[in-house]
Amino acid sequence: MLQISRIYAEDAALALPRGQEIVGAWPDAEIVPVASHWQIPEVHGDEANVRRWVRIKTEALVLGVKKSVATRLNGRSADFIAPSTANGCAMACAYCYVPRRKGYSNPVTVFANIEAISRHLARHISRQGPKTEPNQCDPEAWVYDIGENSDCSVDALISDNVRDLTDLFRMSPTAKASFATKYVNRNLLDWDPAGRTRIRFSLMPHETAKVTDIRTSPIAERIAAIDDFVAAGYEVHLNFSPVILTPTWIADWTALLREVNETIGERAKAQLACEIIMLTHNDRLHEVNLGWHPRGEDLLWTPAIQEPKVSQNGAVNVRYRHPYKADAVATLRELIARELPSCRVRYAF
Ligand code: SF4
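Per an unreviewed UniProt entry, the protein goes by Spore photoproduct lyase family protein and derives from Microbacterium radiodurans.

Structure, rendered in structure tokens:
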């Protein structure tokens, strides 16, 4: 997945212990000083240079300091969005919203000021106190999404940032960390999260994932990991996201849900829940994708059943039209109830 040969680094990040650890882990990498992790034109800038992206993702790492360390309210999948300890991703899902902000090759940027981020989170958790009313995020714990802008399982190949947060939440009986992932990193099985980290394996039908989930762990590997992560002390939920309405989606999801039901054990089923998130796409991303992966766009770009949507952050995206979307969510809920009845739907959007 990663063979880092260049580390673009802010001076302030290099001065921190985490920055030093990361540089020490890739001793042969060239260090390229940068003023800001946000502005590295040769890495982020060139939308047209699609052929270089995967190489950049494999070979380049960015080391920065997160300037604004703040927790945001969410209330959908998690109660709060924790400050990111990384952004960008070494994988390359065709629908990914992460590069829409930071340029299209979007390799991983790791934030070296993990101590400041951990201190902020510990204070936030302590101020919050116990959760007194259950909600869709969790019945008893405040849930903090720690992976909004990256995939924590891949981030854990690069630094101990995610492990440090897992350690923090292990000691936080009123709170829980949560992240969705498309990569199986079995190193995490040794971390002893003591039930305070929820890992949400993203699943979609195999054939769709083969076209759209580039560089990720195969779906069968993700399903096979569920029992092992439960046994290792994680809460394991499923992230049905994005749900892509292909011509065969109902049959494909039926088979997928059946496979999960037949593969996972009773312990995993007893704690299982999922979220359903329908695909949103973006006309700019669509244009870029046509340059490198037009097959993916056959599944993702279906204007006959999509409409424009202004997102929370003001971006104009497309989503499935009403009533297609409402019908599809209702159908998927019925399929889950029939094929994977142990799985509670925590949230559908
Ligand atoms: S794994 Fe997640 S963050 Fe990485 S490319 Fe795919 S959708 Fe984006």
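A. Quick look at the site of the ligand. In the neighbourhood of the ligand, the contacting residues comprise Cys 89, Met 91, Ala 92, Cys 93, Cys 96, Val 98, Ser 150, Asp 151, Lys 182 and Thr 216. Residues of the shell around the ligand, tallied by class, amount to six nonpolar, two polar and two charged.

B. Representation of the packing of helix α6 (residues 114-128) against helix α8 (residues 161-170). Close contact between α6 and α8 brings their axes to 11 Å; oriented N to C, the two are set at 25°. As judged from the angle between their axes, α6 and α8 are roughly parallel. Read as a crossing pair, α6 and α8 show a hand that is right-handed. Here Ile 114, Ser 118, Leu 121 and Ala 122 of α6 lie close against α8, whose contacting residues are Asn 161, Asp 164, Leu 165 and Leu 168. Here the contact of α6 with α8 is built from residues that sort into five nonpolar, two polar and one charged.

C. Representation of helix α10 (residues 219-231). Remark: the principal bend of α10, roughly 30°, maps to Ala 225. Elements in contact with the buried residues of α10: β10 (197-202), α9 (206-212), β11 (235-243), α11 (249-263) and α12 (266-270). Just downstream of α10, Gly 233 is the residue with a positive phi angle, here 100°.

D. Summary view of the sheet that holds strand β6 (residues 86-87). Reading across the sheet, the five strands line up as β2-β1-β3-β7-β6 and stay open at both edges, with mixed pairing between neighbours. The sheet is open, and its two edges are formed by β2 (30-33) and β6, each paired on a single side. Note that β6 and strand β7 (residues 109-111) share two bridges and pair antiparallel. Directly across from Asn 87, in β7, lies its bridge partner Thr 109.

E. Just the environment of Arg 163, in detail. Residue position: Arg 163 is located in helix α8. According to the C-beta neighbour criterion, Arg 163 is partly exposed, with 18 such atoms within 10 Å. C-alpha separation for the pair Arg 163 and Ser 153, spaced ten residues apart in sequence, amounts to 9.9 Å. Setting aside residues up to four positions removed in sequence, Arg 163 forms contacts with Ala 156 and Trp 191.

F. Fine view of α8. Asn 161, Val 162, Leu 165, Thr 166, Leu 168 and Phe 169 are the residues of α8 that are buried. Along α8, the residues classed as buried sweep out an arc of 160° about the axis, all on the same side.

G. Structural detail: the sheet that holds strand β9 (residues 175-181). The sheet built from eight strands is open, its strands ordered β4-β5-β8-β9-β10-β11-β12-β16 with mixed pairing. Because the sheet does not close on itself, it has two edges, and the strands there are β4 (72-73) and β16 (344-348). Pairing between strand β8 (residues 142-145) and β9: four bridges, direction parallel. Bridged to Asp 145 within β9 is Ser 178. Together, β11, β12 (273-278) and β16 form the strand contacts of helix α15 (residues 324-339), whose direction differs from that of β12 by roughly 155°.

About the cut-offs
Residues numbered from 1 in each chain as written. Predicted model: local features only at pLDDT ≥ 70, side-chain atom pairs only at ≥ 80, totals over all residues. Near = placed C-beta within 6 Å. Nonpolar A, V, L, I, M, F, W, Y, C, P; charged D, E, K, R; others polar. Axes fitted to C-alpha atoms, helices over the stretch in contact; angles between N-to-C directions. Helix = DSSP H or I, 4+ residues; strand = E, 2+ residues; numbered from the N terminus. Parallel < 35°, antiparallel > 145°, perpendicular 65-115°, else oblique. Left-handed = near helix turned anticlockwise from the far one by under 90°. Contact = placed C-beta atoms within 7 Å. Bend = angle between axes of the 7 residues up to and from the residue. Pairing = 2+ DSSP bridges. Buried ≥ 20, exposed ≤ 12 C-beta atoms within 10 Å, placed from the backbone. Arc of directions from axis to C-beta.

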